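# Coordinate inspection notes
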Amino acid sequence: MSIEVYRDTWGIPHLRAADAHELAHAQGRTTALDRAWQLEVERHRAQGTTAAFLGPEAVGWDVFARRSRLADTARRCFDALDEPTRTWVCAYVDGVNDGLTRGARRSPEFAATGLVPGRWEPWTPLAVWLSTHILFAGFPTKLWRDHVVRHLGEEHAELFATDGPGTSGSNGWLVTGERTATGAALIAGDPHRFIEAPGVYQQIRLACREFDVVGLAVPGVPGLAHFGHTGTVAWAITNAMADYQDLYRERLRRTDEGGDGDGDGDGGVEALGPDGWAPARVHTETVEVKGGDPVVVEVVETERGPVIIDEPDAVISLRYPPRVTHELGFATLPALLAARTVTDVDRAFDRWVEPVNVVQAADTEGGTLHRVAGHVPLRHRDNRLRVVPAWEPGHEWTGHHDPMPREPVAGVAVMANARGLASPLGVEFAAPHRANRIAHLLNERKGWTAPDMAAVHTDTHLASARPLLALVAAQPDLGLEAREVRDRLLCWNRRMTADSTDAALFAAVRGAVVRRLAQHPALAVLAEPPAYPALFQPWLALVPRVAYALETLLTGGPVPEADRLAAVRAALEEVAAAPPAQPWGATHRLAPWAALPDPGPDPEHDADWPGLDGDHDCVLSTSSVPGLTDRSARGPAARYVWDLARREDSLWVVPFGASGVPGDPHRRDQLPLWLRGGLAPVITDWNQLTEEHEEHHDHR
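Think of each chain on its own: its residues are numbered from 1, step by step along the sequence as written. Totals for whole chains, interfaces and linings use every residue, but because this is a predicted model, local features are given only for residues with pLDDT of at least 70 and side-chain atom pairs only at 80 or more, for both listing and counting. Just so you know, side-chain values use all the structure's heavy atoms and leave hydrogens and water out.

Below, the discussion takes up the pairing of strand 1 (residues 4-7). Note on strand geometry: in a regular strand, side chains alternate between the two faces of the sheet. The sheet contact formed by strand 1 and strand 2 (residues 13-16) spans four bridges and is antiparallel. By the bridge assignment for strand 2, Arg-7 is matched with Pro-13. The antiparallel pairing of strand 1 with strand 2 creates a hairpin that spans five residues between the two strands, and Gly-11 there sits at a positive phi of about 80 degrees. Pairing between strands is defined by DSSP: at least two bridges between them are needed. Going along the chain from the N terminus, every DSSP run of H or I of four or more residues is numbered as a helix, and every run of E of two or more is numbered as a strand. As judged from the three bridges shared by strand 1 and strand 25 (residues 690-692), these two strands associate in the antiparallel manner. Each bridged residue has a counterpart across the sheet, and for Arg-7 the counterpart in strand 25 is Thr-690.

Structure (C-alpha cells):
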C-alpha cells in the first residue's frame, strides 16, 4: 500500500493514499493507533459487553444494548449496503484490525482492566454509530411525559418541553459572501455533546487521487459524516430535534411454543397488536460482569420493535428507523468525501437516515444549502408525545416525511436546535436564545473573517435569566442582605463568565429557586419516578426537569404566581445568608466522562478540572444542572470555522487533543486553547507537516 501519514504541530493526522479504499484503511489504522482504548470501549458498548471489563456499573447499558438489538440492527444495515459502500467500510475495518494490537500496547487501560483487544467485524462501524446516537433523539422523554400526564393531567403533557440534559444539540451558522471580508462564505459552529476523554470528535485529513478533505470524524466510523471541507465545498450539521423513535406499551403472554431459535428461551411469547395476538421473537443472552454474577437477559421483539423495558408494571418496546428500514445512511459518507459542490452535498444527504440533522453547506461558486436530512416516520401525533398502546389501531407508521424541509440562505443562516426549519418534525426544541443571540451578533456588521468567529463561539450572554430577574425585581420589603443580593443581580450584565462573582450569585439564586419549585406540592408529586431501568432515570429526575424548564415554570404552569414569588424571595434570603465567595468558574468546572477514572485530574475533585465560561442557554453552552450541580459534563465537543475563500484559513479545536493515549504530548495539548476560545489553524500545506514513520507510533 502507498499510504503516507503526516502530523501537524498538534499531532493531527493527515493521511495520503493512492485511492479511497487505501485511504479508508489508513484512517482505520491510524485511529486504532491513536485511540485503541476508545475504539474498543465503543465496540463493546455497541455489543453490550462492557460490563465484562468495566464491572457492574456498566450492566444497565449492556442490557439496553442487547434488548434494543443494536448489534443485530447494524448487521442488517451492513448487509443492505450497496457494494461500493460495503467495500469501503470493510477497508476501514481492516485498517482498525491492522492497528489495534499495536495501539493497545500504547494504552495502559487494557492492562488495567485485563481487556484484550478484539477483532472488529465489517458491521462494527455501523454498530458504533447506532450506539452513539440511539439516545440522541431523547425517546426517554416520552417516559417523562407519561409520568407528568399521570400526575398532572393531559394539559401539562408539554409543560417541561425544553432542550434537556438527555439530548444533544449544536450551534451552527453560515455567513454568505456578501457579509464576509473575502466575498466567500464562512461556515462555523460547535457541536454540544457530553464531553468525553478521549474526545468524541477526531480532527483528520483524508487525501487521495479522488479527493482531499479535512474535517471531524467520529472515531470508529469511516469518513467525515458531520463536518468537512473538500476545498471547494464545506458542510456542517446540528441536531434537528426531530422525533423519529416511538415507544409502545405492550401486552405480552407466554405460550408453550419455543422462541425463535436463536437463543435459549424457555418458551414462546405473544404480543397483542391491533389485529390480535401475534408471535414475538424471543431468546436469552448473558451479560458477563467483571466482579459480579452474570446477568441473563430475555430479548423480546414484537411487531413494533424490541422490548427495552420489561418491568412488572410496564412492558415497552422501541421502534426506530434503522431497525425497520435496514438503512442507516452510510452511503452518504463516501459521497461527501467526493463532493465538489453544494449540489453534491445535497444529493449525498438525500440518503441520510439517522440521526436527523439540519445541514448547512457552501461552495466556492457561491452556492449555499440549508436543509433537514434524515428519516422521520409519518404517524399519529400521540406517538410523538408519549408511550402509545400497541394494541390500539392508529399508531402505525404510514410512510416518512419526503421531501425534508429546506429554505434559501439570505446573508446569514443559523441553526441552534430551536424551533424553525425542523418544526414540523419534532415536539421539543431548544429555547430560542442561542439562535437569536447568534443571529444578532452576525447581523451587527459585515466583513466577517474566520478568526472573528471565535467571538461568537464564546459569547456568554444569558437571555434566559430574564424571567427569574423579573421576579427578583418584584420583591418588596427584603432584609438588608437580601436587598443587596437583589440589587447586585439587577445590575449584573447577564454574562456567565468564569471570573464573575455576579454570575455565581445568579447561579446560586437560580439553584435555590429550582429546589424550592421542585418541592412545591404542585410538582413534588413527580419526585418519585416510575420504576424503569436506571439508564432512563436521568430523564425522569424532577430537579433537572425543573431546572431546564425554569423559564416556563416561572411564567406559568401549575405553581401559582404567589408561590413563585415566594420561592424567589426565599431563595434570595437563603443566598444572602451565605453568598458565594468565589466566581462562577470556581464551581462551574469541566466534568468529562471517561470509561475509567482519569489518571490526570481527579474527577472526584472539582478543583482539579478547569473552570468554564458559559451556561446552558449561552452560545457558549456549557451545561450544568441548576439546583443539583454546577459541574459541566456537556459543552462544545469541537469548534470549527470553514473558510470557502481559502481552506488553509479554516480553524478548529477540540477539548483535549488528537491522541487518546495517556502520556502522549497531544493527549491534552488543545485544552488550554479550547478553554480560552482559541482555534488552531487547519494546515493544508504538506511541506508544513512532518511525515510519520512506523516506529514513531511506539515512542510519540
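Moving on from the coordinates now.
Time to look at the packing of aromatic side chains. Side-chain rings of Phe, Tyr and Trp, where Trp is taken by its six-membered ring, are said to pair if the distance between their centres is within 6.5 Å; with planes under 30 degrees apart they count as stacked, over 60 as edge-to-face, and otherwise as tilted. Applying the stated criterion across every chain yields a total of 17 aromatic pairs. Seen from their ring centres, Phe-349 and Trp-352 are 6.0 Å apart, and the 75 degrees between their planes marks the pair as edge-to-face. By the burial criterion, Phe-349 is buried, and Trp-352 matches it. Members of the aromatic cluster, each reached through a chain of ring pairs, are Tyr-201, Phe-227, Tyr-640, Trp-642 and Trp-652. Only lysine NZ and arginine CZ atoms are considered, and such an atom sits over a ring when it is within 6 Å of the ring centre and within 35 degrees of the ring normal. Taking NZ or CZ as reference, Arg-45 lies 4.1 Å from the ring centre of Trp-61, over its face. The ring of Trp-397 is capped by Arg-319, whose NZ or CZ atom sits 4.7 Å from the centre of that ring. Partly exposed residues are those whose accessible area sits between 20% and 50% of the maximum for their type, while under 20% is buried and over 50% is exposed, using a 1.4 Å probe and protein chains only.

Ranked by internal contacts, the top residues of the largest apolar core, which has 200 residues, are Phe-160 and Leu-517. Two residues form a contact once any of their heavy atoms are found within 4.5 Å. With sequence-adjacent residues up to four places away left out, Leu-517 is seen in contact with Leu-523, Val-546, Leu-550, Leu-553, Leu-554, Val-559 and Ala-567. Core analysis: the second largest hydrophobic core is formed by eight residues, Ala-51, Ala-58, Val-59 and Val-299 among them. To define a nonpolar core, start from buried Ala, Val, Leu, Ile, Met, Phe, Trp, Tyr and Cys residues and group those joined through side-chain atoms within 4.5 Å.

Let us look at unusual backbone geometry. Along the chain, Glu-354 connects to Pro-355 via a cis peptide bond; the corresponding omega equals 0 degrees. The residue Pro-355 is located in the loop between helix 11 (342-349) and strand 16 (357-363) in this model. Not every positive phi belongs to a glycine, and Met-241 is a case in point at roughly 60 degrees. Position of Met-241 relative to the elements: it lies in the loop between strand 8 (233-239) and strand 9 (246-249). The phi torsion at Asn-417 lies on the positive side, around 70 degrees, for a residue other than glycine. In this fold, Asn-417 is placed in the loop between strand 19 (412-415) and helix 13 (433-443).

Let us look at the sheet that holds strand 1. The pairing of strands in a sheet comes from backbone hydrogen bonds and takes either a parallel or an antiparallel form. Read across the open sheet, the nine strands follow the order 17-16-8-7-6-5-2-1-25; overall the sheet is mixed. The strands lining the two open edges of the sheet, one partner per strand, are strand 17 (368-373) and strand 25. Each neighbouring strand pair of the sheet contributes to a mean axis angle of 20 degrees, computed without reference to strand direction. Axis geometry follows a simple rule: fit a line to the C-alpha atoms, using only the stretch in contact for helices, then measure angles between N-to-C directions, giving values from 0 to 180 degrees. Each of strand 1, strand 2, strand 5 (202-207) and strand 6 (212-217) is contacted by helix 1 (residues 20-47), which is oriented at about 150 degrees to strand 2, the strand it contacts most. Relative to strand 17, helix 11 is tilted by about 5 degrees, and along the sheet it contacts strand 8, strand 16 and strand 17.

Here we have four strands laid out as an open sheet, ordered 14-15-9-18, and mixed in their pairing. In the strand order of this sheet, the two ends are held by strand 14 (307-311) and strand 18 (388-389), each with one partner. Examined bridge by bridge, strand 9 and strand 18 share two bridges and lie parallel to one another. Residue pairing across strands places Arg-249 opposite Pro-389, the latter belonging to strand 18. Running over the sheet, helix 8 (residues 141-152) touches strand 9, strand 14 and strand 15 (314-319) and is turned about 50 degrees from strand 9.

Let us now look at helix 5 (residues 83-105). Take the residue count of a helix, subtract one, and multiply by 1.5 Å to get its expected span. With 23 residues, helix 5 extends 34 Å from end C-alpha to end C-alpha; this agrees with the ideal 33 Å at 1.5 Å per step. What we call the bend at a residue is the angle made by axes fitted to the seven residues finishing there and the seven residues starting there. At Gly-99, helix 5 is deflected by roughly 40 degrees, the largest bend along its length.

Residues lying three or four places apart along an α-helix face the same way, a consequence of the helix completing one turn every 3.6 residues. Under the 1.5 Å per step criterion, the end-to-end length of helix 1 is only 28 Å for 28 residues, more than 12% shorter than the ideal 40 Å. The principal kink in helix 1, of about 105 degrees, is found at Arg-35. Of all the 28 residues making up helix 1, 25 are buried; the element is thus mostly covered by neighbouring parts of the structure. Here a polar contact is taken to be a pair of N or O atoms separated by no more than 3.5 Å, where protein atoms must pair a possible hydrogen donor with a possible acceptor and residues adjacent in sequence count only if both atoms sit in side chains. Its side-chain oxygen placed 3.1 Å from the backbone nitrogen of His-21, Asp-19 serves as the N-cap of helix 1. Once helix 1 finishes, Gly-48 follows within two positions and takes phi at roughly 75 degrees, a positive value.

Once that is clear, we can look at the packing of helix 15 (residues 466-473) against helix 16 (residues 480-491). Between helix 15 and helix 16, the least distance of the axes is 10 Å, while the angle of their chain directions is 140 degrees. Classified by the angle their axes make, helix 15 and helix 16 are oblique. For the crossing formed where helix 15 meets helix 16, the hand is left-handed. On the side of helix 15, the interface is formed by Leu-469, Val-472 and Ala-473, while helix 16 contributes Arg-486, Leu-489 and Leu-490. Classification convention: Asp, Glu, Lys, Arg as charged; Ala, Val, Leu, Ile, Met, Phe, Trp, Tyr, Cys, Pro as nonpolar; all other residues, Gly among them, as polar. Grouping the constituent residues of the contact of helix 15 with helix 16 by class yields five nonpolar, no polar and one charged. These descriptions rest on fixed angle ranges, namely under 35 degrees for roughly parallel, over 145 for roughly antiparallel, 65 to 115 for roughly perpendicular, and the rest for oblique. With the far helix as reference, a near helix turned anticlockwise by less than a right angle produces a left-handed crossing, and one turned clockwise produces a right-handed crossing.

Glancing now at the environment of His-226. Checked against the element boundaries, His-226 lands in the loop between strand 6 and strand 7 (227-229). Its relative accessible area of 1% is what places His-226 among the buried residues. For the pair His-226 and Leu-333, spaced 107 residues apart in sequence, the C-alpha to C-alpha distance is 9.3 Å. Other than its neighbours up to four places away in sequence, His-226 contacts Trp-129, His-133, Arg-193, Tyr-201, Val-218, Trp-235, Ala-236, Ile-237 and Asn-357. A polar atom in the side chain of His-226 sits 2.8 Å from the side chain of Tyr-201.

Turning to the pattern of salt bridges, a few remarks are in order. We define a salt bridge as a contact between a side-chain nitrogen of Lys or Arg and a carboxyl oxygen of Asp or Glu at a distance within 4 Å. In the structure shown here, the tally under the stated rule is 44 salt bridges. Close ionic contact of Asp-72 with Arg-323 constitutes a salt bridge, the shortest N to O distance being 2.7 Å. Residue Asp-72 is located in helix 4 (residues 70-79), and its partner Arg-323 is located in helix 9 (residues 321-325); the two are separated by 251 residues in the primary sequence. Overall, Asp-72 belongs to the buried group, its relative accessible area being 16%. Among the charged side chains, a salt-bridge network with shared partners connects Arg-69, Asp-72, Arg-75, Arg-76, Glu-301 and Arg-323.

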